[in-house]
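Residues per chain, in single letters:
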Amino acid sequence: MIHQTFSRLSGQSKSKSNRYVVPIGIGTFYDMKDIKTEIHGRKLKVSGCATETLKEGSTQHRFEREYDIPEDVDLSTLKSSLTEDGTLNITFKRMCLEPKKKVKFLLNDKEFKMRISMEGFKPEEISIRVVDRYLVVEATRKSNKINEDRKKIQSSSGYILRTIRLGDDVDVDNLRAVSSNGVIEISSPIKSHRSIKKGRKLEIEQL
């Protein structure tokens, strides 16, 4: 299996519609019905199987490739098409990455506490989860605005991702997230020698 990232592929180009095209040469043996694309998390798997008929029998062609998808790619916009010269074009749209939000840590011997500015994002657009001992804060914003003449729709999007390593003494099972005035406060008691669950998602409370 060939493993690459979109950004490292040669020939990547940007179209006028703010979509990016990644061309992948696979040969002229395939039709679109022979090609399968799958998304698993931030990975794209592309595979194909086709039978070529020859004068003295037939031969089978196969390929399988996997790509890391950049964090700012909107997965819902991924499309694929095949050209006559055997090039598979993967088309996708990039979201506008927001600048990294300010994080402030307020620590003492009894409590872990941090505040992260999420100005511009609604609580329902924010996801906070714990994976092993990492706190993952992710937010996606999309909006459409119709001009006064109602003839043109302007769309905008924003995306941020922060991953923070939690100390071994942070009680992950009792982490709490509270949203107030564009700031998310995440807190937990400090406890040593406590068994930790592998992962959980935090519900965001609103004040």
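Residues numbered from 1 in each chain as written. Predicted model: local features only at pLDDT ≥ 70, side-chain atom pairs only at ≥ 80, totals over all residues. Heavy atoms only, no water.

Enquirer: Hey, could you run me through the packing of aromatic side chains in this one?
Expert: The geometry of an aromatic ring pair is captured by two quantities: the separation of the ring centres and the angle between the planes. Tallying each qualifying case throughout the model produces three aromatic pairs. Seen in terms of ring centroids, phenylalanine 29 and tyrosine 30 are 6.5 Å apart; in terms of plane orientation they differ by 80 degrees. Their pairing is edge-to-face. The exposure class assigned to tyrosine 30 is buried, which follows from its relative accessible area of 5%. An aromatic cluster of at least three residues, connected via ring pairs, comprises Phe29, Tyr30 and Phe63. The cationic tip of arginine 141 hangs over the ring face of phenylalanine 121; the distance from NZ or CZ to the ring centre is 4.7 Å. Geometry around tyrosine 134 places arginine 165 over its ring, the cationic atom sitting 5.6 Å from the centre. (Phe/Tyr/Trp six-rings, centres within 6.5 Å; stacked < 30°, edge-to-face > 60°. Buried < 20%, exposed > 50% of the residue type's maximum accessible area, 1.4 Å probe, protein only. Lys NZ or Arg CZ within 6 Å of the ring centre and 35° of its normal.)

Enquirer: Help me out: how do you make sense of the pattern of salt bridges in this one?
Expert: Between side chains of opposite charge, a pair can form as their charged atoms come close. Overall, the coordinates contain 10 salt bridges when judged by the stated rule. Put simply, aspartate 168 and arginine 133 hold a salt bridge, and the shortest N to O gap is 3.7 Å. Here aspartate 168, found in the loop between β13 (153-165) and β14 (176-180), pairs with arginine 133, found in the loop between β11 (126-131) and β12 (134-146); they are 35 residues apart in sequence, far enough to count as distant. Overall, the relative accessible area of 13% leaves arginine 133 in the buried class. Among the charged side chains, a network of salt bridges with common partners joins Glu111, Lys113, Arg115 and Glu185. (Salt bridge = Lys/Arg side-chain N within 4 Å of Asp/Glu carboxyl O. Helix = DSSP H or I, 4+ residues; strand = E, 2+ residues; numbered from the N terminus.)

Enquirer: Is there a simple way to think about the pairing of strand β15 (residues 183-189) in this case?
Expert: Side-chain direction in a regular strand flips from residue to residue, so the side chains alternate between the two faces of the sheet. Here seven bridges tie strand β10 (residues 111-117) to β15, and the two strands are oriented antiparallel to one another. The residue of β15 that forms the bridge with methionine 114 is isoleucine 186. Bridge count between β14 and β15: five bridges; the pairing is antiparallel. Paired with serine 179 across the strands is isoleucine 184, a residue of β15. From the end of β14 to the start of β15, which pair antiparallel, there are two residues, and asparagine 181 there has a positive phi angle of about 55 degrees. (Pairing = 2+ DSSP bridges.)

Enquirer: Teacher, can you tell me more about the nonpolar core here?
Expert: One recurring pattern in soluble globular proteins is that nonpolar side chains are buried together. By size, the foremost hydrophobic cluster in this structure holds 22 residues, and its most contacted members are Met118, Ile126, Ile128, Leu135, Leu175, Ile184 and Ile186. Contributing elements (two or more residues each) for this core: β10, β11, β12, β13 and β15. Those residues within four positions of isoleucine 126 in sequence are excluded, and the remaining contacts are Met118, Phe121, Val137, Glu138, Ala139, Ile184 and Ile204. (Core = buried A, V, L, I, M, F, W, Y, C linked by side-chain atoms within 4.5 Å. Contact = heavy atoms within 4.5 Å.)

Enquirer: Looking at this structure, how should I read the pairing of strand β5 (residues 43-54)?
Expert: Pairing of strand β4 (residues 35-40) with β5, which is carried by six bridges, proceeds in the antiparallel orientation. Bridge pairing links lysine 36 to serine 47 in β5. Count of turn residues in the β4/β5 antiparallel hairpin: two residues, of which glycine 41 carries a positive phi of about 65 degrees. Pairing of β5 with strand β6 (residues 57-68) involves 12 bridges; the strand directions are antiparallel.

Enquirer: How do you make sense of the environment of tyrosine 67 when you look at a structure like this?
Expert: Considering the arrangement of structural elements, one finds tyrosine 67 in strand β6. You can call tyrosine 67 buried: its relative accessible area is 1%. When the C-alpha atoms of tyrosine 67 and isoleucine 39 are compared, they prove to be 9.6 Å apart, with 28 residues separating the residues in sequence.

Enquirer: Before we go on, may I ask you to explain unusual backbone geometry in this structure?
Expert: Of all residues except glycine, most have a negative phi; of all peptide bonds, most are trans. Residues other than glycine seldom take positive phi values, yet aspartate 132 does so here, at roughly 55 degrees. Positive phi is not limited to glycine here, since asparagine 181 has a value of about 55 degrees. Residue classification places asparagine 181 among the exposed positions, given a relative accessible area of 78%.

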